[in-house]
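# Summary of the model geometry
These are the residues of each chain, in order.
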Amino acid sequence: MSPRIPVDRVLLYLVFGWGFCAFFPLGISYAFFLLLMMLIAMRGGIRQRFAHADLRMLWQPMVFFLAWAIIVAVAGPSFADSPTRLFHIFRVLLLLLVGMLLTPLEARFAFAGFLAGAVMAGLIIAVSHTTGLPEWDIWSSLLSSRNNKSSANMIMMAIASGGLFYLGLRNDSTGMGRWPAWIASLVLGVTVAVHGVSRNAQLLLPVMVTVAIICNFRSLKAVFLAAIAVVVISASAVYFSPSTQTRFLQGVAQAERIVSDGDYTTGVGERWRMFSQAWQGMVAHPLLGTGLGSWLPLWKPVALETAGRLDGDALLKHVEINNPHNDFLLAGMETGVPGMVATAWLLLAFVVRGWRDRSAMGDVAVMLAVGLIVIAMVNAPLRDAAMGMTLLWLLGVSIAGQRRGVGMGNDA
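Residues numbered from 1 in each chain as written. Predicted model: local features only at pLDDT ≥ 70, side-chain atom pairs only at ≥ 80, totals over all residues. Heavy atoms only, no water.

Secondary structure summary: the protein chain contains 18 helices and zero strands in total. The C-alpha atoms of the protein chain give 21 Å as radius of gyration, which agrees with the globular expectation for 412 residues (22 Å, within 12%). In the protein chain, which comprises 412 residues, the proportion classed as buried is 53%. Once local pairs closer than 6 in sequence are excluded, the contacts in the protein chain between residues at least 24 apart make up 77%. (Helix = DSSP H or I, 4+ residues; strand = E, 2+ residues; numbered from the N terminus. Rg over C-alpha atoms; globule rule 2.2 N^0.38 Å. Buried < 20%, exposed > 50% of the residue type's maximum accessible area, 1.4 Å probe, protein only. Contact = heavy atoms within 4.5 Å.)

Turning to empty space enclosed by the protein, a few remarks are in order. Scanning the model with the defined rule gives four cavities of 30 Å³ or more in all. The volume enclosed by the largest cavity comes to roughly 170 Å³. Lining the largest cavity are 17 residues, and of these Phe65, Arg85, Ile89, Ala331 and Thr343 sit closest to its centre. At the level of secondary structure, the elements contributing two or more residues to the lining of the largest cavity comprise α4 (59–75), α5 (82–100) and α16 (327–357). Residues of the lining of the largest cavity, tallied by class, amount to 10 nonpolar, four polar and three charged. Empty space within the second largest cavity amounts to approximately 70 Å³. Lining the second largest cavity are Asp81, Thr84, Arg85, Gly293, Ser294, Trp295, Leu296, Asn322, Glu334 and Arg383. Of all the secondary-structure elements, those providing two or more residues to the lining of the second largest cavity are α5 and α14 (295–305). Across the lining of the second largest cavity, the residue classes break down as two nonpolar, four polar and four charged. (1 Å grid on protein atoms, 1.4 Å probe; cavity = no way out; pocket = protein on both sides within 12 Å on 5 of 7 lines; lining within 4 Å. Points joined across faces, edges and corners; volume = space filled by probe spheres on them. Nonpolar A, V, L, I, M, F, W, Y, C, P; charged D, E, K, R; others polar.)

Moving on, we come to the confidence of the model for the protein chain. When pLDDT is averaged along the protein chain, the result is 90; 96% of the residues meet or exceed 70. For residues 405–412, every residue scores under 50 in pLDDT, and the model assigns this stretch 21 contacts once sequence neighbours within four places are set aside. (pLDDT = per-residue confidence, 0-100.)

Moving on: the environment of Ser140. In this structure, Ser140 sits in helix α7 (residues 137–143). By relative accessible area, Ser140 is classed as buried at 14%. Separated by 115 residues in the primary sequence, Ser140 and Pro25 have C-alpha atoms spaced 8.7 Å apart.

Turning to the environment of Ala181, a few remarks are in order. With respect to the secondary-structure elements, Ala181 resides in helix α9 (residues 178–194). Residue classification places Ala181 among the buried residues on the basis of a relative accessible area of 0%. When the C-alpha positions of Ala181 and Asn171 are compared, they lie 8.7 Å apart, and in sequence the two are 10 residues distant. Sequence-distant contacts of Ala181, that is, excluding residues within four places in its chain, are made with Leu164, Leu167, Gly168 and Met176.

The end-to-end C-alpha distance of helix α11 (residues 220–240), which contains 21 residues, comes to 30 Å, matching closely the 30 Å that a straight helix rising 1.5 Å per residue would cover. Of the surrounding elements, those touching the buried residues of α11 are α10 (199–217) and α12 (242–261). (Expected span 1.5 Å × (residues − 1).)

Further remarks concern the side chain of Arg383. Within the secondary structure layout, Arg383 lies in the loop between α17 (360–376) and α18 (385–400). Here Arg383 sits buried without a salt bridge, and the closest side chain of opposite charge, Asp81, lies 5.8 Å off (N-O distance). Discounting residues that sit within four places of it in the chain, Arg383 has contacts with Arg85, His88, Arg91, Asn322, Asn323, Asp327 and Leu330. (Lys, Arg positive; Asp, Glu negative; His and termini not counted. Salt bridge = Lys/Arg side-chain N within 4 Å of Asp/Glu carboxyl O.)

Non-glycine residue Met57 carries a positive phi angle of around 70°. Topologically, Met57 is positioned in the loop between α3 (46–52) and α4. Residue Met57 is classed as partly exposed on the basis of its relative accessible area of 28%.

Estimated volume of the largest pocket: approximately 1,400 Å³. Around the largest pocket, the lining is made up of 47 residues, and of these Arg247, Gly267, Arg271, His325 and Asn379 lie nearest the centre. Secondary structure elements with two or more residues in the lining of the largest pocket: α7, α8 (148–170), α10, α12, α13 (267–284), α15 (312–319) and α18. Sorting elements by how many residues they give to the lining of the largest pocket places α13 first, with seven residues. When its residues are assigned to classes, the lining of the largest pocket shows 18 nonpolar, 20 polar and nine charged.

Of all hydrophobic cores here, the largest spans 100 residues; its most connected members are Phe23, Leu36, Leu96, Phe114, Phe350 and Trp393. Apart from residues no more than four positions distant in its own chain, Phe114 is found in contact with Gly19, Phe20, Ala22, Phe23, Met156, Ala160, Leu391 and Leu394. Within the second largest apolar cluster, 12 residues are counted, among which are Val302, Val319, Leu329 and Met333. (Core = buried A, V, L, I, M, F, W, Y, C linked by side-chain atoms within 4.5 Å.)

On to the packing of aromatic side chains. Under the definition given, this model contains 10 aromatic pairs. Between Phe16 and Phe20, the ring centres sit 6.1 Å apart and the planes meet at 10°, which makes this aromatic pair stacked. With Phe16 and Phe20 both in helix α1 (residues 9–20) and four residues apart, this pair spans about one turn of that helix. What makes Phe20 partly exposed here is its relative accessible area of 26%. Consider the rings of Trp179 and Trp182, whose centres lie 5.3 Å apart with planes at 85°: the pair is edge-to-face. Placement of the pair is Trp179 and Trp182 together in helix α9, with a separation of three residues, close to one helical turn. Using a relative accessible area of 58% as the deciding quantity, one classes Trp179 as exposed. Joined through ring pairs, the aromatic side chains of Trp18, Phe33 and Trp393 make up one cluster. One cation-aromatic arrangement involves Arg218 over Trp355; the distance from NZ or CZ to the ring centre is 3.8 Å. (Phe/Tyr/Trp six-rings, centres within 6.5 Å; stacked < 30°, edge-to-face > 60°. Lys NZ or Arg CZ within 6 Å of the ring centre and 35° of its normal.)

What follows is the structure, encoded as structure tokens:
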């Protein structure tokens, strides 16, 4: 019998704290990340944790994801950003692994903290709209659209809304109850639709509800119910939320300007041109890609050609976009077709593993992995820590929560 992992209350508070503070500035999440690694190494029974870590179906894509990046870094051309890109790839795996090393009890505390943090963030936004709040940095990215962290907060809130909706569907006796979960889910969903300006987050709302329904019922009826839910949520968001309607109409107008005027300076225009540039790079160099860290040097001349009338800060922002807002195309361009396959394999492996587990935490893994896949197609959660740091850690945590058997202490 494997030695037990002792229950450490400090670790429980720490993982809860990371989840709870996920909506605050990124530096706080980094602090929790470093503290968690230090405590696991010093007092968390790290050998036992590795012995109990269940990497079935996951270790192969994780190894390939890192190994191929190293091969490209060694065999391909070198750029100023090559070490940074290699670090980002390593950080993805480290976040997943640190999450997987938790015990089931610690995993439950982590998700409880995340859901509580999402509700807390929603309350902060509600108070700011009713009575007002001081302009403190700790919640500035929640109250206004300032940077990638603002978009990331709405994305995490959309995923939390889907998670709470799922808890309501399951209605476990040990949970918070069906109606409290559904009310909290509705509040967070409305916050994303009305307060948020992130189209990515608003797109995630019906996706998360769809995945929650399918995971819970696992039948053709679930697919039918999910389709109805998508229609109802999408129609409600467009009808009742002027900001959501405006954002999506702007997207349509920006897409039309690409065709009519060749305007690539809008949000949709930039993404289309960046997708095209990354795709062309992968097609031209299908095996090893254009090299790790090659995106920015290859994008800058293209950005200058498509800048139109932009000048000053707007021009600088257009030229200095450090990724194509699509993690699959970024991997394909910089590390070739194998790199794109490795990225897709990594995330899809979590979907399959979670689905086959047929447990609450398995379903959570499916929801998180699908959420990351959707966002990775329109943004860069694997490249941008503000976008994906906590979500990647929680994806690993969802695997730790699936573990059963002896040797896990009192929380098996």
